[in-house]
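Descriptive analysis of the structure
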Amino acid sequence: ELKVEQNPLFLSMQEGKNYTIYCNYSTTSDRLYWYRQDPGKSLESLFVLLSNGAVKQEGRLMASLDTKARLSTLHITAAVHDLSATYFCAVDMFSLTGGGNKLTFGTGTQLKVEL
Amino acid sequence: SQTIHQWPATLVQPVGSPLSLECTVEGTSNPNLYWYRQAAGRGLQLLFYSVGIGQISSEVPQNLSASRPQDRQFILSSKKLLLSDSGFYLCAWSVPSYGTNYGYTFGSGTRLTVV
């Protein structure tokens, strides 16, 4: 059974600081997603990482994927208050029983950026 | 363009009452469809997914069922709701491509409160 772990679960940081969220998963997969969720809202897609060594950047967020280590990171550079949200990683796997792909989510990281 | 519709946005139901949540997708054909649930302050749990009409894969034994009567329609149901069914329900779709699929789009969600 695939397990996806994120750490930290909670992160409080000051504006202007850098930090990294880690996502470890237990089974080989070549696709990993990062999502953002604001309170009471649905998921907003941030990044899709499709291969080993993939790195994507959007604004102050940068995501990377190491499939050999089964690790993805979401790096925050010079945080601003608007980045406060919950961030989820999710691993995409094909299911032999169901015959289709499905996403398994990490536990989420609640990020609070203090003004 | 592809869109996903989910309704209602909020729902308050008494214990023991039935439930029907509907999700429809426009602008694509033969999508994979998914139902996720998020309990308060928790991560996302996959409940059901479907790779075609009438094909339902259940991930977790529970008080809910799903049906896919049409290609772009996915319904989540219960005959008798329990307090533990409360949560935020999200529908999602993806399009298989060459035996794999990437890119999952989530609906706006239904917040269900069982009282």
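Quick note: structure is the one above.
Along each chain, residue indices are assigned from 1 in the same order as the chain's sequence is written. Chains carry letters from A onward and ligands carry numbers from 1 onward, assigned in written order. Note on the predicted model: pLDDT of at least 70 is required for a residue's local features to be given, and 80 or more for side-chain atom pairs to be given and counted; whole-chain, interface and lining totals, by contrast, use all residues. Side-chain measures were taken over the full set of non-hydrogen atoms in the model, leaving aside hydrogen atoms and water.

Oppositely charged side chains may form a pair once their charged atoms are brought near each other. Residues and elements named next belong to chain A. One side-chain nitrogen of Lys or Arg within 4 Å of one carboxyl oxygen of Asp or Glu is enough to make a salt bridge. Scanning the entire structure with this criterion turns up six salt bridges over all chains. We note a salt bridge from Arg31 to Asp92, for which the minimum N-O separation is 3.0 Å. With a gap of 61 residues between them, Arg31 in the loop between β3 (19–25) and β4 (32–37) and Asp92 in strand β9 (residues 85–95) connect regions that are remote in the sequence. Here the term buried applies to any residue with accessible area under 20% of the maximum for its type, exposed to any over 50%, and partly exposed to those in between, with areas from a 1.4 Å probe on protein chains only. Residue Arg31 is classed as buried on the basis of its relative accessible area, which comes to 15%. In this text, helices come from DSSP runs of H or I with a minimum length of four residues, and strands from runs of E with a minimum of two, each type numbered from the N-terminal end.

Aromatic rings from Phe, Tyr and Trp, taking only the six-membered ring of Trp, are treated as a pair when their centres fall within 6.5 Å; an angle between ring planes under 30 degrees marks them as stacked, one over 60 as edge-to-face, and anything in between as tilted. Scanning all chains against the criterion turns up twelve aromatic pairs over all chains. Consider the rings of A:Phe105 and B:Tyr36, whose centres lie 5.4 Å apart with planes at 85°: the pair is edge-to-face. Residue A:Phe105 is found in strand β10 (residues 100–105), and its partner B:Tyr36 is found in strand β4 (residues 32–38); the two belong to separate chains. For the pair A:Phe105 and B:Tyr36, a shared accessibility class is recorded, and that class is buried. Here A:Phe105 and B:Phe106 contribute two aromatic rings whose centre-to-centre distance is 6.0 Å and whose plane-to-plane angle is 70°, an arrangement assigned as edge-to-face. A residue pair is termed interchain when its members come from two chains, as with A:Phe105 in strand β10 and B:Phe106 in strand β12 (residues 105–106).

Residues and elements named next belong to chain A. Only strands joined by at least two bridges in the DSSP assignment are considered to pair. Pairing in this open sheet of five strands is antiparallel, and the strands run β1-β3-β8-β7-β6 from one edge to the other. Two strands lie at the open edges of the sheet, namely β1 (4–7) and β6 (55–58), each paired on one side alone. Strand after strand, the sheet turns through a mean of 15° between neighbouring axes, direction not considered. Bridge analysis of β1 against β3 gives four bridges, and the strand direction is antiparallel. Looking at β3, one finds that Asn7 is bridged to Tyr22. As a rule, the C-alpha atoms of each element are fitted with a line to give its axis, helices using only the stretch in contact, and angles between N-to-C directions run from 0 to 180 degrees.

Our focus in this paragraph is the pairing of β9(A). All names here are of chain A. When you tally the buried positions in β9, you get nine out of eleven residues, the bulk of the element. One ladder, built from six bridges, connects β4 with β9; its direction is antiparallel. Residue pairing for β9: Gln37 is matched across the bridge by Thr86. Bridge count between β9 and strand β11 (residues 109–114): three bridges; the pairing is antiparallel. Considered in β11, the bridge of Tyr87 is made with Thr109. Note: β9 against β10, six bridges, orientation antiparallel.

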